[in-house]
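# Architecture at a glance
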Amino acid sequence: MLLDILPPDTWAKTVHEIQNVLSPHGPLGPDGVTHTYAPGDFSVHFFLQLAVIIVTCRVVGWLGQKFLGQPQVVGEMIAGVVLGPSLLGLFFPEIQGALFPKETRNVLYTGAQFGVGLYMFMVGTSFRGDHFKSKGKSAMAVSLAGIATPFALAIVIAPWLMKVPGLFSDKITQPQATLFMGACIALTAFPMLARIINERGLSNSSLGTLSLTAGAFDDAASWCVLAIVLATFGAGPGVAVLAIGGGLAFALFCIFIGRHLLAPLGKMVEARGEMTYTVMAITMICFFIAAFVMDAVGIHAIFGGFILGTAMPRGKFVEELKKKVEPFAVIVLLPMFFTYSGLNTRLDMVNSASMLMVAGAILAASVLAKFGACYTAARLTGEDNRTALGIGALMNSRGLMELIIINIGLQKGIIGLPLFAMLVMMAIITTVMASPLFELVYGKKARETGELGEVPDNAAA
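Presented here is an overview of the structure given in this document.

The rules behind each value
Residues numbered from 1 in each chain as written. Predicted model: local features only at pLDDT ≥ 70, side-chain atom pairs only at ≥ 80, totals over all residues. Heavy atoms only, no water. Helix = DSSP H or I, 4+ residues; strand = E, 2+ residues; numbered from the N terminus. Buried < 20%, exposed > 50% of the residue type's maximum accessible area, 1.4 Å probe, protein only. Contact = heavy atoms within 4.5 Å. Areas by Shrake-Rupley, 256 points an atom, 1.4 Å probe, with all protein chains shown as cover. Salt bridge = Lys/Arg side-chain N within 4 Å of Asp/Glu carboxyl O. Axes fitted to C-alpha atoms, helices over the stretch in contact; angles between N-to-C directions. Parallel < 35°, antiparallel > 145°, perpendicular 65-115°, else oblique. Left-handed = near helix turned anticlockwise from the far one by under 90°.

Turning to the overall build of the chain, a few remarks are in order. Secondary structure assignment for the chain yields 21 helices and zero strands. Across the 461 residues in the chain, those meeting the buried criterion constitute 52%. For the chain, the proportion of contacts with a sequence separation of at least 24, taken over those separated by at least 6, is 78%. When the accessible surface of the chain is split by element, carbon and sulfur atoms take 69% of a total near 20,300 Å².

Put into structure tokens, the structure is as follows:
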């Protein structure tokens, strides 16, 4: 018998090791009592985290699609919050803490940025320049309305919000608070918008291109304003100059020079009839450099991926790239982005009638500023009523891009936890609204008349 041969304490030690699989096994820390994390500890957590994240995203996404009519991406957003302190951490704090210890979150953060950046790169490869040219006037008008109106409303509500204790830092000025609130309200969830457009079968439609273009402009403007707020709040003017100047220079380079430099890649794929490993390697190197540049200047890696994607060759090149990259990016990498943001989300901070009233006012102002303003702008530039309503519904989605920008605000000490929680609630509600509202005002009728096909299977998968 094996147990008789082994030392008496072997079984007890084995059980102890199993129980401590997720405990740190590195050298003792500065306190001389607790252990630090060894390299192997990070990999153990990472693989388990990925398994839990993917299972949760698929299950919550399926439930949302089946019972609420939400696309998979909205379920993934909610799944991120489910795995964070708002639900799993609230009811099972020990399990949540063991699965996602703070020490491992930098690894998850890197994977999250890779996932969302790569997905936006794929979205950029589907960008239709001809639609943008034909809808340029409407896209610019929608974008400007989606920026100007939120900042106008921020001018109105920021002084009131500053009087509520705990919402803003005591050190922040009224102009800084106004700019920050304007950026939060003006934000359109660019990755979320792209996923909804893709899953609703709008990728090749002029409405999808118009909304995505306007959303890209609005997000870029919000990040630039955030850079200005950070600069005036203590980070220095160089932050704003680098972000705005560097982002603009990179976009112009890709538009006017990059597409010509990348054109031979498309010819190589067309000649071979497939994408070779060499072409794939060059493509990924370009993506990583683009993501690095936009991250380094202070905008965000996702814009590097998207801008580069718009400059990539079309045709067979894109078909091959999607086959090789998109499934892994959507199923494995992108859910890390939603989970990482969800881990920083607390929904238990809005805990009184007065706080709920403030949260309701922020939500109402946000919907009015985006849905109302973008709808009006689309109508004034010649879009029919149904199309304008569809644009307003899509532009009102904020998603976890909102969580990223408010996490920065929280980390930098600009806002407090109560306002952070209110903005999280606003982000979730406006995102959940987007898909059913779009189907109500545009999608259902368009599918009945044959303008749009049925919702693709991958939206319900």
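Still to come is the rest of the account.
Looking at where Gly84 falls in the secondary structure, it is placed in the loop between helix H4 (72-82) and helix H5 (88-91). Gly84 gets classed as buried once you look at its relative accessible area, which sits at 0%. Between the C-alpha atoms of Gly84 and Thr339, which are 255 residues apart in sequence, the distance is 7.5 Å. Sequence-distant contacts of Gly84, defined by excluding residues within four places in its chain, comprise Gly89, Gln96, Gly342 and Leu343.

One pass over the structure, following the stated rule, counts four salt bridges. For Glu320, the salt bridge goes to Lys323, with nearest N and O atoms at 3.9 Å. Of this pair, Glu320 and Lys323 both sit in helix H16 (residues 316-343), three residues apart, which is roughly one turn of that helix. Owing to a relative accessible area of 60%, Lys323 belongs among the exposed residues under this scheme. For the salt bridge of Glu326 with Lys322, the shortest nitrogen-to-oxygen distance reads 3.5 Å.

The contact between helix H13 (residues 237-272) and helix H15 (residues 301-311) brings their axes to 8 Å, and the two run at 40°. Classified by the interaxial angle, the pair formed by H13 and H15 is oblique. Of the two elements, H13 crosses H15, and the hand of that crossing is right-handed. Of H15, the residues touching H13 (which contributes Phe250, Ala251, Cys254, Arg259 and Leu262) are Gly304, Ile307, Leu308, Thr310 and Ala311.

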